[in-house]
Amino acid sequence: MSAALLRRGLELLAASEAPRDPPGQTKPRGAPVKRPWKTKAIQAQKLRNSAKGKVPKSALDEYRKRECQDHLRVNLKFLTRTRSTVAESVSQQILRQNRGRKACDRPVAKTKKKKKAEGTVFTEEDFQKFQQEYFGS
């Protein structure tokens, strides 16, 4: 924040904290006081220092504009008003399109059930014969 903005903010705060008279009592005002040429020159210099064509902004207005606001109520109203149902096929298509190409993004493939082992070509007699030859019993 620049020093000029700080000064303007302090001036505004000082002006807002200044004691004010009740609305019924007004001070008698005399003739307008003429300012010396130095004051006018200083004010002109301040305006010249700002960007061309821009009006200096109030520091309080800037603060209020950037102040945190709670948007929860507005957002909830919006979400409850715009509730709509989408067809299941459309939602699945959107999910499919947004899925990445990485292996971790792909759905798990279902494992196929193993088929029961088919009958063997060997008979029980062949197994007994092999056992006798191999183990010798």
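Residues numbered from 1 in each chain as written. Predicted model: local features only at pLDDT ≥ 70, side-chain atom pairs only at ≥ 80, totals over all residues. Heavy atoms only, no water.

A.B. asks: How would you sum up the overall build of the chain? Please name residues and give values.
C.D. replies: For the chain, the helix and strand inventory stands at six helices and zero strands. Overall, the chain shows an N-to-C arrangement of helices and strands of α-α-α-α-α-α. Looking at the chain as a whole, 2% of its 137 residues are labelled buried. For the chain, the accessible surface area stands at approximately 14,800 Å², while carbon and sulfur atoms represent 56% of it. (Helix = DSSP H or I, 4+ residues; strand = E, 2+ residues; numbered from the N terminus. Buried < 20%, exposed > 50% of the residue type's maximum accessible area, 1.4 Å probe, protein only. Areas by Shrake-Rupley, 256 points an atom, 1.4 Å probe, with all protein chains shown as cover.)

A.B. asks: Can you tell me about the confidence of the model for the chain, naming the residues and giving the values?
C.D. replies: Looking at the chain, pLDDT values average 76 and 75% of them are 70 or higher. Ranking the helices and strands of the chain by mean pLDDT puts helix α6 (residues 124-135) first, with 89, and helix α2 (residues 37-49) last, with 70. (pLDDT = per-residue confidence, 0-100.)

A.B. asks: Go over the pattern of salt bridges, please, and point to the residues and values.
C.D. replies: Counted under the stated rule, the structure contains three salt bridges. R64 is the partner of D61 in a salt bridge, and the nearest nitrogen-oxygen pair spans 3.9 Å. Taken together, the positions of D61 and R64, both in helix α3 (residues 59-66) and three residues apart, correspond to about one turn of that helix. For E62, the salt bridge goes to K65, with nearest N and O atoms at 3.9 Å. With a gap of three residues between them, E62 and K65 both fall in helix α3, about one helical turn apart. Among the residues examined, K65 registers a relative accessible area of 54% and is labelled exposed. By sharing partners, the salt bridges in this structure join E62, K65 and R66 into a single network. (Salt bridge = Lys/Arg side-chain N within 4 Å of Asp/Glu carboxyl O.)

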